[in-house]
Amino acid sequence: MLHFLPHTIIGFLSFIIYIINTVFWLIPIIIFSFLKAIVPLKFSQKIFSYLLDQMASNWVACNTLNQKLFFKIDINVSGLEQLNTREWYLVLANHQSWVDIV
């Protein structure tokens, strides 16, 4: 969407958004992790686990939105015609930059 901007501006804005997003979600994650550790009730620990999972998922979703906003992602898949639906296959990801890992 905004991939037309100069690369230095894209890098700076994207980095700032990653920092804000991480700090925004890190604070409640630390608080709820602490609460989960000190409250011994199984029911409350399940609730805290659910909330922590949701917060982590929201962190990832915001990072994905950041990537879609600033970077044009092009996925090329080849060789599908040679696959057999009755066979097993192993799929491996090839991280080509630090952005892939985030």
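Residues numbered from 1 in each chain as written. Predicted model: local features only at pLDDT ≥ 70, side-chain atom pairs only at ≥ 80, totals over all residues. Heavy atoms only, no water.

Chemist: Could you give an account of the overall build of the protein chain, with specific residues and numbers?
Modeler: Counting its secondary structure elements, the protein chain contains three helices and zero strands. Going residue by residue from the N terminus, the α and β elements of the protein chain occur as α-α-α. Compactness check: the protein chain gives a C-alpha radius of gyration of 19 Å against a globular reference of 13 Å for 102 residues, more than 25% above the reference. Expressed as lengths along the three principal axes of its C-alpha atoms, the size of the protein chain is roughly 55 × 50 × 20 Å. Within the protein chain, counting contacts between residues at least 6 apart in sequence, those at least 24 apart form 62% of the total. When the accessible area of the protein chain is evaluated, it comes to approximately 8,800 Å², of which 69% is carbon and sulfur surface. One way to put it: in the protein chain the 6 positive side-chain charges average out to a point 16 Å from where the 5 negative ones average out. (Helix = DSSP H or I, 4+ residues; strand = E, 2+ residues; numbered from the N terminus. Rg over C-alpha atoms; globule rule 2.2 N^0.38 Å. Contact = heavy atoms within 4.5 Å. Areas by Shrake-Rupley, 256 points an atom, 1.4 Å probe, with all protein chains shown as cover. Lys, Arg positive; Asp, Glu negative; His and termini not counted. Charge placed at Lys NZ, Arg CZ, Asp CG, Glu CD.)

Chemist: Help me get a handle on the side chain of Ser14, residues and values and all.
Modeler: Mapped onto the elements, Ser14 comes out in helix H1 (residues 7–38). Given a relative accessible area of 2%, Ser14 falls into the buried group. Look past the residues within four positions of Ser14 in its chain and what remains in contact with it is Asn66, Phe70 and Phe71. (Buried < 20%, exposed > 50% of the residue type's maximum accessible area, 1.4 Å probe, protein only.)

Chemist: Mind laying out the packing of aromatic side chains, listing which residues take part and the relevant values?
Modeler: According to the stated counting rule, one finds two aromatic pairs in the structure shown. On the basis of an interplanar angle of 85 degrees and a centroid distance of 5.0 Å, the ring pair of Phe24 and Trp25 is categorised as edge-to-face. Its relative accessible area of 55% is what places Phe24 among the exposed residues. With relative accessibility at 15%, the residue Trp25 sits in the buried group. (Phe/Tyr/Trp six-rings, centres within 6.5 Å; stacked < 30°, edge-to-face > 60°.)

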